[in-house]
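# Topology and contacts: notes
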Amino acid sequence: MKIFDEIESEVQSYARAFPRVFHKAQGEYLYDAEGNQFLDFLAGAGTLNYGHNNPVFKEQLLEYINNDGITHGLDLHTKAKGAFLEAFNEKILKPRGMDYLVQFTGPTGTNAVEAAMKIARNVTGQQNIVTFTNGFHGVSLGALAATGNAHHRDAAGAALTGVHRMPYDGYLGDGIDTTAYLDKVLSDSSSGINSPAAVMVETVQGEGGINVASFEWLRNLQAVCKKHGLLLIIDDIQAGCGRTGNYFSFEEAGIEPDIITLSKSLGGYGLPFAVVLMKPALDQWKPGEHNGTFRGNNFAFVTAKAAIDHYWSDDAFSESVKNKGQYVSQRLAAIVERYGEGNFTARGRGMFQGINCVNGEIAGAITQRAFKSGLIIETSGADDQVVKFLCPLTISDENLKKGIDIVEQAIKEVCAKETSIPEEVDYFDESQSVSA
Ligand SMILES: *Cc1c(COP(=O)(O)O)cnc(C)c1O
C-alpha cells in the first residue's frame, strides 16, 4: 500500500521485515489483506502470550463494551480496576506469598520503568542505577539510559545519565561470576562507583539476544544488593506473565525483588497496560507525582483479569508452558547440533528461546526465508544475530512443531547456501577460531 511509503515515518522497524498489510488475527495466526495466513512467532514482541483475539477475553470485553463500561478513567476507582486488583492479589500475589503494592503507570513498559527508577532514586536519595550490558528497558530518556543498545541510545539527542553499566551473567565468559565484580566495586571507596540506588535487571534479556541469567547468579545479585543496601528491580516486562513458565520469571530463582515492572502481556489482549509492584515501605509517592493520562485503560483491566482467571487459577497453564518450553529446547539444541557448524548456540528458558547465529546477516536471511514459508519470526541482539522464538504460549503442539520445522528448513537452506559463498566460509572459520 502506497500510503505507508507516502506519509509514515522512516522510524518503522518490524514493518520493514514483514512488508505486508495485515488485516486479521486469531490465536497464533496472522492474516494479510489478501488472506494469506502466517504463523506468528513474534507475537507482539511478547505482548500476545495468550494469542490474538483470545476468545475468552474477547467475550468479556465485548460484554463490557456493550454495557457501556468505563473506557478511560484516569486513576479513578472503577469496578473493572477493582476486579483486576482482586484477581491479581488473590491469584498471583497471595499464592506466592508476595506482599506488594500496585502502581498504575502510563500504559507502556518504558513508563513503568521510569516510575520504578524514580521510586528507587527518591526513596534512597541516590541517583545512579546499576544496569547491565545488553539490557533493554525502553526508549524514553530515563529508561533509555538503562538500555545498552547503541542504535537506540544514539537517538537520544541528550546525555544519558544516572546509570552504571555492569557485565550481565555470562558476559565475561563461562565460569566468571560477574556479581563478584559488582560486589568488589561497591566495596571499594575508590572504584568510582559509590552507593547506587538500585540494580535493575532482566532475568532473561529479550531484546538483548535471549541472554539467560542463571538462578545462582540472580541469587548472588540479590545478596550483593542486600549487602550494600541497594534495591533490586526486576524488569519482568517481557520475561514475565508466563513466558518462562511461571507467572514471574524470577520465581524459580527464589529471589524477592523490591520492585517489579510488568507490561507487554499483562493486559492479555494486546491492550496497553503497565504496572509497578513495590514493597509497601517503598510507596513514598506524593499524590500525582508520577501521573499519566492513560493509567486507567479499563478495557485492559477487563482482559487482564480474564487472563488471570482463565490461565492462572491453577498450575495447568504453567505446566503446559514448561512442557512446550522443553520441546522447544530439545528441538533447538538438535537444530544447532545438526546445522550450526559449531557456531550456532541455542539459548533461553521456557517459551523464551532463541538460536544465536553469531552473524546478523545470516539470522536475517533465516527469518526472511521463514517468512516466505509463512512464518513471522524476528531477530534480537546487538547485531540482530539471534533468531527469537516468541510464539503465543497458547499455541497448539502441532503449530509449535510446524513453526520450528519452518525455521529448521530455513536454516538448512541458508547454511547450505552460505557455505558455498567464499566470504561466508571465512565468517564461519573466523567464528570457529574465536570460540576455540
Ligand atoms: C519491551 C520492553 C520494555 C519497554 O516497553 P515499551 O512498552 O516498548 O515501552 C522495557 N523492558 C523490557 C524488558 C522490555 O522487553
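No experiment lies behind these values; they were computed from the predicted model shown.

### Re the state of the cysteines
Each disulfide consists of one covalent bond between the sulfur atoms belonging to two cysteines. Applying the stated rule across the entire model yields zero disulfides. You can see C391 has no disulfide; the closest cysteine sulfur is in C241, sitting 16 Å from it. There is no disulfide at C415, and the cysteine sulfur nearest it, in C357, is 7.2 Å away.

### Here we look at the site of the ligand
Near the ligand you find T108, G109, T110, F136, H137, G138, E202, D235, I237, Q238 and K264, and these make up its full shell. Between the ligand and G109 there is a distance of 2.8 Å, counted from an oxygen atom to a backbone nitrogen or oxygen. Residue K264 places a side-chain N or O atom 2.7 Å away from an oxygen atom belonging to the ligand. Protein coverage of the free-state accessible area of the ligand, which is 380 Å², stands at 82%. Looking at side-chain class alone, the shell around the ligand contains two nonpolar, six polar and three charged residues.

### Some points on the packing of helix α9 (residues 178-187) against helix α10 (residues 215-228)
When two helices pack together, their arrangement is given by the angle between the helix axes and by the axis-to-axis distance. Between α9 and α10, whose axes approach to 9 Å, the crossing angle comes to 10°. Classified by the interaxial angle, the pair formed by α9 and α10 is roughly parallel. Where α9 abuts α10, its residues T178, T179, L182, D183, L186 and S187 lie against W217, N220, L221, V224, K227 and H228. Partitioned by chemical class, the residues of the contact of α9 with α10 number five nonpolar, five polar and two charged.

### A short note on the domain arrangement of the chain
Domain boundaries in the chain define domain 1 (2-53 + 315-416) and domain 2 (58-311). On a C-alpha basis, the centroid separation for the pair domain 1 and domain 2 is 25 Å. Taken residue by residue, the interface counts 32 residues in domain 1 and 30 residues in domain 2. Taken as a group, Y50, R349 and F352 account for 34% of the area that domain 1 buries against domain 2, more than any other trio of residues on that side. At the surface where domain 1 touches domain 2, the tally comes to one salt bridge. Linking E207 and K388 is a salt bridge whose minimum nitrogen-to-oxygen distance equals 2.8 Å. In this assembly, domain 1 and domain 2 are joined by 20 residue pairs in polar contact (both at pLDDT 80 or more). For the side of domain 1 that touches domain 2, the element with the highest residue contribution is helix α12 (residues 316-339), accounting for four residues. Here the side of domain 1 that touches domain 2 is built from residues that sort into 15 nonpolar, 13 polar and four charged.

### Focus on the sheet that holds strand β15 (residues 375-376)
Here we have four strands laid out as an open sheet, ordered β1-β2-β3-β15, and mixed in their pairing. Across the chains shown, the open sheet's two edge strands, defined by having one partner strand only, are β1 (22-26) and β15. With three bridges connecting them, strand β2 (residues 29-32) and strand β3 (residues 37-40) associate as antiparallel partners. Following the sheet pairing, L30 is matched in β3 by F38.

### Points about the pattern of salt bridges
Applying the stated criterion across every chain, the model contains 16 salt bridges. A salt bridge links K91 to D309, with the nearest nitrogen and oxygen atoms 2.9 Å apart. Within this pair, whereas K91 is found in helix α5 (residues 79-93), its partner D309 is found in helix α11 (residues 298-311), the two being separated by 218 residues in sequence. Residue classification places K91 among the partly exposed residues on the basis of a relative accessible area of 28%. Note that R369 is salt-bridged to E413, the shortest N-O span being 2.8 Å. Of this pair, R369 sits in helix α13 (residues 360-372) while E413 sits in helix α14 (residues 397-418), placing them 44 residues apart in sequence. Exposure remark for E413: the relative accessible area of 30% places this residue in the partly exposed category. Each of R331, K401, D405 and E408 takes part in one network of salt bridges that share partners.

### With respect to the sheet that holds strand β7 (residues 198-201)
Reading across the sheet, the seven strands line up as β4-β12-β11-β10-β7-β5-β6 and stay open at both edges, with mixed pairing between neighbours. On the outer flanks of this sheet lie β4 (101-104) and β6 (163-166), each paired with one strand and no other. Across the sheet, the mean angle separating the axes of adjacent strands is 20° when strand polarity is ignored. Note that strand β11 (residues 259-262) and strand β12 (residues 275-278) share four bridges and pair antiparallel. Within β12, the residue paired with I259 across the bridge is M278.

### Points about the packing of aromatic side chains
All chains considered together, the criterion is met by 26 aromatic pairs. Pairing F84 with F301 gives two aromatic rings, centres 6.2 Å apart and planes at 20°, and the pair type is stacked. Taken as a pair, F84 in helix α5 and F301 in helix α11 lie far apart in primary sequence, 217 residues in all. Of the residues examined, F84 reaches a relative accessible area of 1% and is grouped as buried. Note on F301: relative accessible area 1%, which makes it buried. Arranged with centres 5.1 Å apart and planes meeting at 85°, the rings of Y247 and W312 form a pair that is edge-to-face. In this pair, Y247 is assigned in the loop between β10 (231-235) and β11 and W312 in the loop between α11 and α12, connecting sequence segments 65 residues apart. For Y247, a relative accessible area of 2% gives the class buried. Overall, W312 belongs to the buried group, its relative accessible area being 5%. Positioned over the ring face of F104 is K81, at 4.6 Å from the centre of the ring.

About the cut-offs
- All residue numbers refer to position in the chain's written sequence, counted from 1.
- Owing to the predicted nature of the model, reporting of local features is limited to residues with pLDDT of at least 70; listing and counting of side-chain atom pairs is limited to 80 or more, with chain, interface and lining totals taken over all residues.
- Here the side-chain values reflect all heavy atoms present in the structure, with hydrogen atoms and water set aside.
- Only a pair of cysteine sulfur atoms within 2.5 Å qualifies as a disulfide here.
- Working definition: residue near molecule or strand if any one of its non-hydrogen atoms lies within 4 Å of it.
- We call two N or O atoms a polar contact when they sit within 3.5 Å, provided that within protein one can donate a hydrogen and the other can accept it, with sequence-adjacent residues counted only if both atoms are side-chain atoms.
- For accessible areas, the Shrake-Rupley method is used with a probe of radius 1.4 Å. Any residue's cover is judged against the shown protein chains and nothing else.
- Gly is put with the polar residues, along with every residue not named as nonpolar or charged; the nonpolar set is Ala, Val, Leu, Ile, Met, Phe, Trp, Tyr, Cys and Pro, and the charged set is Asp, Glu, Lys and Arg.
- Geometry is summarised by axes, namely lines fitted to C-alpha atoms with helices restricted to the contacting stretch, and by angles between N-to-C directions that run from 0 to 180 degrees.
- Counting from the N terminus, the helices are DSSP H or I runs at least four residues long and the strands are E runs at least two residues long.
- When an angle is under 35 degrees it counts as roughly parallel; over 145 it counts as roughly antiparallel; between 65 and 115 it counts as roughly perpendicular; any other value is oblique.
- Between two residues, a contact is recorded if the distance between any of their heavy atoms is within 4.5 Å.
- An automatic or database domain assignment supplies the residue ranges for each domain.
- Accessible-area loss on putting two parts together, using a 1.4 Å probe and summing over both, is the definition of buried area adopted here.
- When a carboxyl oxygen of Asp or Glu is within 4 Å of a side-chain nitrogen of Lys or Arg, the pair counts as a salt bridge.
- The criterion for strand pairing is that DSSP finds at least two bridges linking the strands in question.
- Note on exposure labels: buried denotes an accessible area under 20% of the residue type's maximum, exposed denotes more than 50%, and partly exposed covers the range between, all computed with a 1.4 Å probe on protein chains only.
- By convention, a stacked pair of Phe, Tyr or Trp rings (six-membered ring in the case of Trp) has centres within 6.5 Å and planes under 30 degrees apart, an edge-to-face pair has planes over 60 apart, and any other such pair is tilted.
- A ring is considered to have a charge above it if a Lys NZ or an Arg CZ atom is located within 6 Å of its centre and within 35 degrees of its normal.

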